[in-house]
Amino acid sequence: MSGLNMQDDPVEVSALDPAAIDQAVQNALAAFAGAGSLDELKAARTAHQGDKSPLALANRGIGALPPTAKAEAGKRVGKARGQVGAAVKERQAQLEADRDRRILVEESVDVTMIPARRPLGRRHPVELMGQRMADLMVGMGWEIAEGPEVEAEWFNFDALNFDIDHPARQMQDTFYVEPADSGLVLRTQTSPVQARAMLERGVPLYIACVGRVYRTDELDATHMPAFHQLEGLAVDEGLTMAHLKGTLDRLASELFGDDITTRLRPSFFPFTEPSAEMDLRCFVCRGSNPQCRSCSGTGWIEWGGCGMVNRNVLSACGVDPDRYSGFAFGMGIDRALQFRTGQSDMRELIEGDVRFGAQFGMEI
Amino acid sequence: MRVPVEWLREYVAVPKDARGVDVAASLVQVGLEEEGVHGGQVTGPLVVGKVLTLDPEPQKNGKTINWCSVDVGAANGTGEPQGIVCGAHNFQVDELVVVVLPGAELPGGFAISARKTYGHVSAGMICAADELGLPDDGSGGIIRLADLLPSADVKPGDDAIPLLGLDRETVEINVTPDRGYCFSLRGVAREYAHATGAEFTDPALDLAARAPASNEAGYEVRLEDDAPLRGNQGCDRYVARIVRGIDLTAATPAWLATRLTEAGMRPISLAVDVTNYVMLALGQPLHAFDVQTLQGPIVVRRARQGEKLKTLDDVERALYPEDLLITDGGDKALAIAGVMGGEDSEVTASTTDVLIESAHFDATTVARSSRRHKLPSEAARRFERGVDPQAAPAAAQLAVDLLVQLGGGNVDQGVTDVGAPPTPEAIELDPTLPSRLVGVDYSTDDVVGVLREIGCEVDTSGDALSVVPPSWRPDLHTAPDLVEEVARIKGYDRIPSILPTPPGGRGLTHGQRVRRVVADALAAQGLSEVWTAPFVSDERHVALGYDAEQARARTVRIANPLSEQQPLMRISVLSTLVDTLRRNISRGVKDVAIFELGLVLAREGEQQHALTSPVGVHPAPEVLDAIRAAVPPQPRHLAILLSGETEHAGWWGAGRPADWSDAVALVRSVGTALALEVSVRADDAMPFHPGRCACFALPDGTLVGHAGELHPKVCQALGLPARVVGAEIDVDVLIHASDQAVVSRPIATYPLVQSDVALVVDQSVTAAEVEAVLRSGAGDLLEQIVLFDTYQGDQVEDGKKSLAYRLSFRALDRTLTTQEVNTLRDRAVAAAGSATGAVQRT
């Protein structure tokens, strides 16, 4: 290490001796360049730039020089000190950069070691699907209504024009509540919410209901004793089946793809007249594959029932059927989820195996 | 309803080349949904062949195959013999067989092509019955036409598809409850005509024209319904005809048996088969009585108290006063009208004389009897959906014709036709209504045209149309019923798609948003949402430590549960969520964190009877209130269950099992997510551990719910691992409480000054109590208080514990001095001391 001894034994350098000044500069530059660490640089700096360094001493000596020599000596020493100062600054920056780089390298980790300290939970995919469908309805300006699951027969059947003796009332595989004359059932459809909404909110009315319904079906791959429906009811002046179809087409294209439309087929439901079954354009083959397994080659997939609200329903709910018309529709949310995700065994929907939900994100 | 296409062709001009799928597609358009097409699965060349040569060739695998040349006429396009390898051995040279040629397809989508096998190119197959989807012909190998169809006059090259009946197809359709008339070939044929424009021949017209009028010599029938249901006579028409001297040996001919079989009914005997055939053809259920068993006139009346009848299914049935009976002389019950006959008057193998009943029974009467006796017979299915009252004489005539023609019987000259069914009432229809409801422009001519096409009489003289529906359409009552007819006959595919423009909604309700927030907050903390069926048992309530009596008083019982073991609706979500926890664990998921948001029953007081009322009637307000009040309250609960580790072990360090504090923290987090102050106190409520059960409440004291560790007995009884923790809270309470906006407070920016205190209290004093008094003692400048340590052991007396709190103070308008803060801290400690006996630890 050059110049270490200089601290103990200061070297006098005359400000008038250009060679000595030069030598001092050269010594300083060599010492800085030779410093391999910030500590060494600090020592070299003390030796060559500190109070007792040759250049500092030379600088101090300028004051004692004759006035004629002062200017030149001052200029010479000043330049030398400037040179040394720049060199130390440069080396300092270099060594700091080296150190920072080294530390970042030393601190590197294996980012592919993925921790599973506390995994994220999940919403149930059926709930998310229902939420998505509800949001679509809300986006169209509808509101979401709700009702109880243990429901009065009047709301589930009578108000909806299911006559007590009509075979349709027997076709619903209803859970009845004891005693026999309780007048209560587990709602077989979300439609009782139609009646509740009309009575509570009046008309015009655009409501949808997302909810759980019950039928006496044993659990298997295609049946559940409890499942989920989206129900829509619009009552206003001048509504027609064209408005029904427009609403269904919008739902279908938003949920299953731009070119997915619906088809109406004549059918029967007590609470609508005219009534229709609604089919969805097959979202797998779009009607182009006679061998398609999703639609059995028909190009259409059954999605739900719909129609114009029966006059008896409007009357039962205190709405003037001569002034207002309405349309209603209902479809399975569980099935919509199956369509969207290719899920095929309904048992997985109700069993609550946490691995089922874990396949999906928080947006369906 | 199964519709044999060959039978359908008798009544409507189905195009020759139309196959089952085409017929089904046409019927769908008018609302008869396809359930399936049966038969007709063989396509392509299937022909008669004559075996010219047959050379047995033993193979290395031990089998012997026959290399045959078969004459298939010109069916193969060349007229040359066809070379075919056949593995069967039950045939000889010169025999006629059935050959499928390349290009054909057999049932199961099995495509036939020429292929190399056993050193030859086999250009087709000699067929066995099962390969063609036919029943076993007993040949034990390939079909030999000489055995199967001895009388058939066939030659090589003839099409074998019609020969074997393989072209017969049956279309199965779903008939909605309003279309009773489509439970007949007559009805389906009419609908096919509507869908396609094909020519329809109503078979009832000719039969009705030939049916003789009622006369004095007819068998005496009296209609004596003294208790009509809903104002409708139980029987408003009864036609009776008698055929005598039926040949006991006469069998049902193959064509009729085939039609019945294809329609899904089993041939039994000629008389029974004829009644079923007529029902399928015309939709009119018939009943045949053995005339020899009848003593007096037929009297149709309601059943008497205590009366019994042994029905055809060999069941002795106690009759209900609402049941309508066919009786012998008014005394002896012969049949439940329109539902099922009795054993005593049944047509048997020795019956030669039969009385054909072709009657019209009231839909409600039949529906109720069928339901009450759990007898969903073919006849009942039709009557409860509505049968054409004008079809009765035609149906009786067809039965008579068939029994005379096929059974060699003689028809009595006496004809009975009593009763007078009401004629359909005219419906007023504004001709613009179809356009206004459907959204398609229909002209008045369109509307009138459709209505006449479906059989209505339309009077166009007034402003509104006056429409009398045909007798076979009892489902048409109102103007919208007629609108549907116009829409469906004109085609639903003409309806345009127009998005309605609602007046603008208010978005989700507060409650709906809260439920999303709660579920999302829990999912973000590692819990998976599940849902469960809400059915439980008394045993489950006992296992959870609930009082079974009290639990039953809060809920309702299902009259027809899926499982007799689970007849009750749940009163807590935990009671069904535990099954999901157990299922996950049994499937090898050790660490489970789940939650469910769902409804529970919370009935208070006696279960009320919810009134029902006739359809189409707006009940009085007090009736509606009573109906609503009878529906038991069903609050929405949140339940949580955690088992195993809530923080997993791994390369990063140790894991941490879920404990009671996780359950408490999760419930607190739900409160925090809704900016609600939810207080905690110790409680002892099942299903929780009595020393590890937290009770949550709102500032006004409203109960929110409980959380903690499950009682060890509960875990044991339900087969759960030890120390499962959970919670059950009422979300509706939180929804209600969070409906107000939080009032914003300014955020202080002066420095925070902290002071720590350690307080020694009795073990029975809870942290929540100490914290509450520290807060009130410290005053408004206290910004935060944190329990950062607890201690029990040598440094404190037995029966005591030390709680260490960090109090953080800050003022809005200045930097607090140490002196100020010490004063506030001392006040807090003093307050804790006087309220809980806390002593500052030094």
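Note that the structure is a prediction, hence the values are computed from the model and not measured.

## Observations concerning the sheet that holds strand E2 (residues 33-39) of chain B
Residue and element names in this part refer to chain B.
Here is step 1: Strands sit in the order E1-E12-E2 across an open sheet of 3 strands; the sheet is antiparallel. Each edge of the sheet is formed by a strand with only one pairing partner; in this case those strands are strand E1 (2-4) and E2. Looking at each pair of strands side by side, their axes are set apart by 25 degrees on average, direction ignored.
Here is step 2: Judged from the 3 bridges that link them, E1 and strand E12 (residues 169-174) form a sheet pairing that is antiparallel. When the sheet's bridge partners are listed, valine 3 is paired in E12 with valine 171.
Here is step 3: This element, helix H2 (residues 20-29), spans E2 and E12 of the sheet and lies at about 165 degrees to E2.

## Quick notes on the domain arrangement of chain B
Here is step 1: Split by domain assignment, chain B resolves into domain 1 (2-40 + 169-201), domain 2 (46-163), domain 3 (207-418), domain 4 (427-491), domain 5 (510-600 + 635-738) and domain 6 (753-840).
Here is step 2: One C-alpha centre belongs to domain 3 of chain B, the other to domain 4 of chain B, and the line joining them spans 35 Å.

## A look at the interface of chain B and chain A
Interface size is commonly expressed as the accessible area that is lost once the parts come together.
Here is step 1: Listed per partner, the contact involves 103 residues of chain B and 108 residues of chain A.
Here is step 2: Taking both partners together, chain B and chain A bury about 8800 Å²; carbon and sulfur atoms supply 59% of that area.
Here is step 3: Together, B:Tyr492, B:Trp531 and B:Leu562 form the three largest contributors to the area buried by chain B at its contact with chain A, with a combined 10%.
Here is step 4: The interface formed by chain B and chain A includes 15 salt bridges.
Here is step 5: For A:Glu200, the salt bridge goes to B:Arg628, with nearest N and O atoms at 3.8 Å.
Here is step 6: On inspection of chain B and its partner chain A, the count reaches 43 residue pairs in polar contact (both at pLDDT 80 or more).
Here is step 7: For the side of chain B that touches chain A, the per-class residue count stands at 50 nonpolar, 30 polar and 23 charged.

## Remarks on empty space enclosed by the protein
Here is step 1: Counted according to the given criterion, the structure contains 4 cavities of 30 Å³ or more.
Here is step 2: Roughly 510 Å³ of internal volume is contained in the largest cavity.
Here is step 3: Taken together, 25 residues make up the lining of the largest cavity; nearest its centre are A:Glu127, A:Glu146, A:Val210, B:Arg515 and B:Arg636.
Here is step 4: Only helix H6 (125-139) and strand E4 (205-214) of chain A together with helix H15 (510-524) and strand E30 (592-599) of chain B provide two or more residues apiece to the lining of the largest cavity.
Here is step 5: The greatest single-element share of the lining of the largest cavity, amounting to 5 residues, is contributed by H6(A).
Here is step 6: Considering only residue class, the lining of the largest cavity consists of 8 nonpolar, 7 polar and 10 charged.
Here is step 7: As for the second largest cavity, its lining consists of 13 residues, of which B:Tyr181, B:Ser184, B:Arg186, B:Leu282 and B:Asp388 are closest to the centre.
Here is step 8: It is helix H5 (residues 185-196) of chain B that contributes the most residues to the lining of the second largest cavity, 3 residues altogether.
Here is step 9: Of the residues contributing to the lining of the second largest cavity, the split by class is 4 nonpolar, 6 polar and 3 charged.
Here is step 10: Counting contributing residues per domain, the lining of the second largest cavity is built from domain 1 (2-40 + 169-201) and domain 3 (207-418) of chain B, each supplying no fewer than three.

## Notes on the UniProt feature "domain: B5" (unreviewed entry) in chain B
Here is step 1: Those residues carrying the UniProt feature "domain: B5" (unreviewed entry) are residues 422-497 of chain B in this numbering.
Here is step 2: As annotated, residues 422-497 of chain B has a helix share of 37% and a strand share of 13%, and its two end C-alpha atoms lie 42 Å apart.

## Focus: helix H23 (residues 767-778) of chain B
Residue and element names in this part refer to chain B.
Here is step 1: Its 12 residues place the ends of H23 16 Å apart at the C-alpha level, agreeing with the 16 Å of an ideal helix rising 1.5 Å per residue.
Here is step 2: Those residues of H23 that are buried are in contact with strand E38 (753-762), strand E39 (782-791), strand E40 (800-809) and helix H24 (818-836).
Here is step 3: Among the residues trailing H23, glycine 779 stands out with phi positive, at a value near 85 degrees.

## Concerning the environment of B:Asp475
All names here are of chain B.
Here is step 1: Locating aspartate 475 in the fold gives a position in the loop between strand E26 (465-468) and helix H14 (479-490).
Here is step 2: The spacing of aspartate 475 and histidine 689 is 214 residues in sequence and 62 Å in space, taken between C-alpha atoms.
Here is step 3: Setting aside residues up to four positions removed in sequence, aspartate 475 forms contacts with Asp178 and Asp481.
Here is step 4: A polar contact of 2.9 Å, which involves the side chain of aspartate 475, links it to the side chain of arginine 473.

## So, the sheet that holds strand E25 (residues 457-459) of chain B
Residues and elements named next belong to chain B.
Here is step 1: Spatially, the 3 strands line up as an open sheet ordered E24-E26-E25, and their pairing is antiparallel. Because the sheet does not close on itself, it has two edges, and the strands there are strand E24 (427-429) and E25. The average angle at which neighbouring strand axes cross in this sheet is 30 degrees, direction not considered.
Here is step 2: Bridging between E25 and E26 involves 3 bridges; their strand directions are antiparallel. Within E26, the residue paired with glutamate 457 across the bridge is valine 468.
Here is step 3: Packing of helix H13 (residues 444-453) onto the sheet brings it into contact with E24, E25 and E26, and relative to E26 it is tilted by some 15 degrees.

Cut-off values and rules
- Residues numbered from 1 in each chain as written.
- Chains lettered and ligands numbered in written order.
- Predicted model: local features only at pLDDT ≥ 70, side-chain atom pairs only at ≥ 80, totals over all residues.
- Heavy atoms only, no water.
- Pairing = 2+ DSSP bridges.
- Helix = DSSP H or I, 4+ residues; strand = E, 2+ residues; numbered from the N terminus.
- Axes fitted to C-alpha atoms, helices over the stretch in contact; angles between N-to-C directions.
- Contact = heavy atoms within 4.5 Å.
- Domains from an automatic or database assignment.
- Buried area = accessible area lost by both parts, 1.4 Å probe.
- Salt bridge = Lys/Arg side-chain N within 4 Å of Asp/Glu carboxyl O.
- Polar contact = N/O pair within 3.5 Å; in protein donor to acceptor, adjacent residues only side chain to side chain.
- Nonpolar A, V, L, I, M, F, W, Y, C, P; charged D, E, K, R; others polar.
- 1 Å grid on protein atoms, 1.4 Å probe; cavity = no way out; pocket = protein on both sides within 12 Å on 5 of 7 lines; lining within 4 Å.
- Points joined across faces, edges and corners; volume = space filled by probe spheres on them.
- UniProt positions renumbered as here; feature names shortened; annotations may be inferred.
- Expected span 1.5 Å × (residues − 1).

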